Amino acid sequence: MTMSRLIYFSEKRELGPGGVEAILDTARSNNERNCLTGVLLFNRKFFLQCLEGGREEVTATFGRIAADPRHGNVALVSVHDIDVRDFPDWTMGYVPTTSPEVNSVLRQFQETEDFDPRLLSSTTAVALMNAMRSMGRTTL
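Computed from a prediction, not measured in an experiment: that's the story for all the values here. (Residues numbered from 1 in each chain as written. Predicted model: local features only at pLDDT ≥ 70, side-chain atom pairs only at ≥ 80, totals over all residues. Heavy atoms only, no water.)

## Some remarks on the pairing of strand β1 (residues 3-12)
Our working rule: Burial classes: relative accessible area under 20% of the type maximum marks a residue as buried, over 50% as exposed, and values in between as partly exposed (1.4 Å probe, protein chains only). Runs of H or I in DSSP of at least four residues are treated as helices and runs of E of at least two as strands, each being numbered from the N terminus. At least two DSSP bridges between two strands are needed for those strands to be called paired.
Burial within β1 is extensive, with nine of its ten residues counted as buried. Here β1 runs beside strand β3 (residues 46-54); their pairing, made up of nine bridges, is antiparallel. By the bridge assignment, Leu-6 is partnered in β3 with Leu-51. Bridge count between β1 and strand β4 (residues 71-82): nine bridges; the pairing is antiparallel. When the bridges of β4 are listed, Leu-6 appears paired with Val-79.

Pasting the structure below:
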C-alpha cells in the first residue's frame, strides 16, 4: 500500500456543539477505523492539519473535510508519498496555540505573532508539523 502525507489549512467556521473537541473525537474514531494518523494545530481562527495513511483513505478524508461547513477556505498545502509516518501513534494529535512554548516554536516558522498558515510554504508547513510532534497531545 502506498502511504501519503497530506497537509492542509482552513479557516474556522461555526463549530457547533462540542467545538474542537467534537472534531477531534470524530477524527480520532474515523482515523483509527481508516488506519490514518496525524496532528491538528488550531488557534481559534485556523486549522492546520497533517494526515498520514493510505493514499485513498487520506484523499477521501480530505474530501470530507473540504466539504465540512465547519471549515472555510480549505487549501491544500502539501501532499507526498511517504515511506514512514511521522505520527505513527497518534490517530489525531492536538496542538493548541495557547502555550508560550508552542508560540515560541511557531515564531521560528513565521514572522507574525499570530499564527497564520497562509504564510507557510509547503516545506515550512512540513517542518512545523514535525516540530509540533514533541508538543502534541492525544487528548484535549
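## A short note on the pattern of salt bridges
Our working rule: Any carboxyl oxygen of Asp or Glu that lies within 4 Å of a side-chain nitrogen of Lys or Arg is treated as forming a salt bridge with it.
All told, the structure shown has seven salt bridges when counted by the stated rule. Asp-86 is paired through a salt bridge with Arg-5; the nearest N and O atoms lie 2.9 Å apart. Of the two residues, Asp-86 is situated in the loop between β4 and β5 (93-96) and Arg-5 in strand β1; the sequence distance between them amounts to 81 residues. Arg-70 is paired through a salt bridge with Asp-68; the nearest N and O atoms lie 2.6 Å apart. Overall, the relative accessible area of 16% leaves Asp-68 in the buried class. Because the salt bridges share partners, they merge into one network encompassing Glu-11, Arg-13, Asp-116 and Arg-118.

## Considering the environment of Arg-5
Here is the rule: We call two residues contacting when some pair of their heavy atoms lies within 4.5 Å. Pairing of N or O atoms within 3.5 Å defines a polar contact, subject to two protein rules: one partner must be a possible hydrogen donor and the other a possible acceptor, and residues neighboring in sequence count only if both atoms are side-chain atoms.
Classification of Arg-5 by relative accessible area gives buried; the value is 12%. Spatially, the C-alpha atom of Arg-5 lies 17 Å from that of Arg-33, the residues being 28 residues apart in sequence. Residues within four places of Arg-5 in sequence aside, it is in contact with Cys-50, Leu-51, Glu-52, Ser-78, Val-79, His-80, Ile-82, Val-84 and Asp-86. Reaching out from Arg-5, the side chain makes a polar contact with the side chain of Glu-52 at a distance of 3.3 Å.

## Details of unusual backbone geometry
In the Ramachandran plot, Arg-44 falls in the positive-phi region, its phi being about 80 degrees despite a non-glycine side chain. Assignment of secondary structure puts Arg-44 in the loop between β2 (37-42) and β3. Classification of Arg-44 as exposed rests on a relative accessible area of 53%. Phi is positive for Asn-73, close to 50 degrees, though the residue is something other than glycine. By secondary structure assignment, the location of Asn-73 is in strand β4. For Asn-73, a relative accessible area of 48% puts it in the partly exposed group.

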